[in-house]
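One letter stands for each residue in the lines below.
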Amino acid sequence: MLDVKKIQNVDLDYLTHIISTDEYDEEIFRTADEIRRKYVGDEVYLRAIIEFSNYCSQHCLYCGLRAENKNLTRYRMSVEEIVARAKLIAQMGIKTVVLQSGEDPYYTTEMMCDIIKQIKELDVAITLSIGERTFEEYRIWKELGADRYLMRHETASPELYAKLHPGDTFENRKAHLYEIKRLGYETGAGFMVGLPGQTPYDLALDLAFLKEIDADMIGIGPYIPNPDTPLKDANGGDLKTTLRMVALARIVVPTANIPATTALGSINPYGRQYGLKYGANVIMPNLTPNPYRPNYSLYPGKICLFEKDTACVECTKAMIKSVGLTVGEGFGSRKRIDEIFV
Ligand code: SAH
Ligand code: SF4
């Protein structure tokens, strides 16, 4: 029998045990689905993502956008292009715009202010996912109306973090996430599954960190080896383990918003549908315009690259209905405990 209390208390020995076997999967998946229904309901929220620049000054060993990768056509969208896309998204009735990019200092504090101000006029929530910036910038953008900040912690193992991020530490990542949380952003953490050298214990640490920071949003995807990176020969994460981690994250932080990620959909044609069945309640249709979209290649085999610009909206809506859930209306901010009906 699955011990849900031990999971919710993030008992590291117990978590390590149930993460390292598929023995408990049926119960884990069923429990996650029940908790999802009870705490966040049947509505699945759409978050339209604009990947506005694939320039990056960082060196994350797993990622195709890393500065050292010369095998990539780089692009930057102008402020006008970004705002025009956000308008289209708002017109389509989607209430959240996610602005994502590599860590690209080309976009100054002021340029981001300009973008945020213009998009806020559209009555949508803004999620920033642009990597680490200064604490002062986080503060200014929050005051201008940015609502959420997505910055996965990537791995909560300090040793593994240091190996994957030359010159950087998990302590530093944590400090940024805590500052973002303190400023009042809905804060998104998360991690990859199947990183080279990652153990079940490391994954248990990831769950413990989600609980520790009380993550408002949780992005979990399989690590997918990229041939243009130093880790090209690594094995990637598998579907079952990734789904197990999504489900456990739902059990550990019942009211979090948890996407069925694009990476999950990229390793299996039904990956995102499974995600929605086992705890996820968010989906992020790709609204990056062409010709840029195919160049935002974090990893190979990414889905949705060659569709018509806005096709992902209809596709993800149909996907939500196909698993018996409903398309969320409204902003889909994190529910507070006192808003929960059951
Ligand atoms: N630069 C920003 C946002 C873009 S990267 C940031 O780092 O926060 C967005 C996410 O892509 C990262 O958090 C990472 O978890 C994921 N990612 C990068 N390379 C990947 C790979 N090879 N396989 C799977 N996910 C990857
Ligand atoms: Fe840059 Fe983000 Fe990729 Fe790291 S994960 S190389 S910060 S885009």
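Rules of the game
- Residues numbered from 1 in each chain as written.
- Chains lettered and ligands numbered in written order.
- Predicted model: local features only at pLDDT ≥ 70, side-chain atom pairs only at ≥ 80, totals over all residues.
- Heavy atoms only, no water.
- Helix = DSSP H or I, 4+ residues; strand = E, 2+ residues; numbered from the N terminus.
- Expected span 1.5 Å × (residues − 1).
- Buried < 20%, exposed > 50% of the residue type's maximum accessible area, 1.4 Å probe, protein only.
- Arc of directions from axis to C-beta.
- Contact = heavy atoms within 4.5 Å.
- Near = heavy atom within 4 Å.
- Polar contact = N/O pair within 3.5 Å; in protein donor to acceptor, adjacent residues only side chain to side chain.
- Areas by Shrake-Rupley, 256 points an atom, 1.4 Å probe, with all protein chains shown as cover.
- UniProt positions renumbered as here; feature names shortened; annotations may be inferred.
- Nonpolar A, V, L, I, M, F, W, Y, C, P; charged D, E, K, R; others polar.
- Pairing = 2+ DSSP bridges.
- Right-handed = clockwise from strand over helix to strand, strands pointing away.
- Core = buried A, V, L, I, M, F, W, Y, C linked by side-chain atoms within 4.5 Å.

Here the focus is helix 13 (residues 311–322). With 12 residues, helix 13 extends 17 Å from end C-alpha to end C-alpha; this agrees with the ideal 16 Å at 1.5 Å per step. Of all the positions in helix 13, only Cys312, Val313, Thr316, Met319 and Ile320 are classed as buried. For helix 13, the angular spread of buried residues about the axis comes to 130°, placing them on one side. Residues Glu314, Lys321 and Ser322 are exposed on helix 13 and point more than 90 degrees away from its buried face. Those residues of helix 13 that are buried are in contact with strand 1 (43–46), helix 12 (271–277), strand 8 (282–283) and strand 9 (326–327). A positive backbone phi angle near 80° is found at glycine 324, which sits one or two residues after helix 13.

Turning to the site of ligand 1, a few remarks are in order. Taken together, 16 residues surround ligand 1, and among them Tyr62, Ser101, Arg152, Glu154 and Ile224 come closest. Here tyrosine 62 contributes a backbone N or O atom positioned 3.0 Å from a nitrogen atom of ligand 1. Take serine 101: an N or O atom from its main chain is 3.0 Å from a nitrogen atom of ligand 1. When ligand 1 sits alone it has 540 Å² of accessible area, and the protein chains cover 92% of it.

On to the UniProt feature "domain: Radical SAM core" (unreviewed entry) in the chain. As recorded in UniProt, the feature "domain: Radical SAM core" (unreviewed entry) lies at residues 42–261. Across residues 42–261, the secondary structure splits into 37% helix and 17% strand, with the terminal C-alpha atoms separated by 18 Å.

The next point concerns the site of ligand 2. For ligand 2, the full set of nearby residues is Cys56, Gln58, Cys60, Tyr62, Cys63, Leu65, Arg66, Gly102 and Glu103. Of the residues contributing to the shell around ligand 2, the split by class is five nonpolar, two polar and two charged.

According to UniProt, the "binding site: (3R)-3-methyl-D-ornithine" (unreviewed entry) feature falls on Ser129. Summarising the element assignment, serine 129 is placed in strand 4 (residues 125–129). On the basis of relative accessible area, serine 129 is assigned to the buried category, the value being 8%. In contact with serine 129, not counting residues within four places along its chain, are Val98, Leu99, Gln100, Ser101 and Leu150.

Strand 2 (residues 48–53) sits mainly inside the fold: six of its six residues count as buried. Pairing of strand 2 with strand 3 (residues 96–101) involves five bridges; the strand directions are parallel. Bridged to alanine 48 within strand 3 is valine 97. In this fold, strand 2 hands off to helix 4 (residues 79–91), which returns the chain to strand 3; that crossover is right-handed.

Side chains of a nonpolar character, in soluble globular proteins, are inclined to be buried together. Formed by 100 residues in total, the largest nonpolar core has its most connected members in Leu99 and Leu128. When neighbours within four sequence positions are excluded, leucine 128 is seen to be in contact with Leu99, Met112, Ile116, Trp141, Ala146, Arg148, Tyr149, Leu150 and Tyr185. With five residues, the next largest nonpolar core counts Tyr45, Ile49, Val98 and Met284 among its residues.

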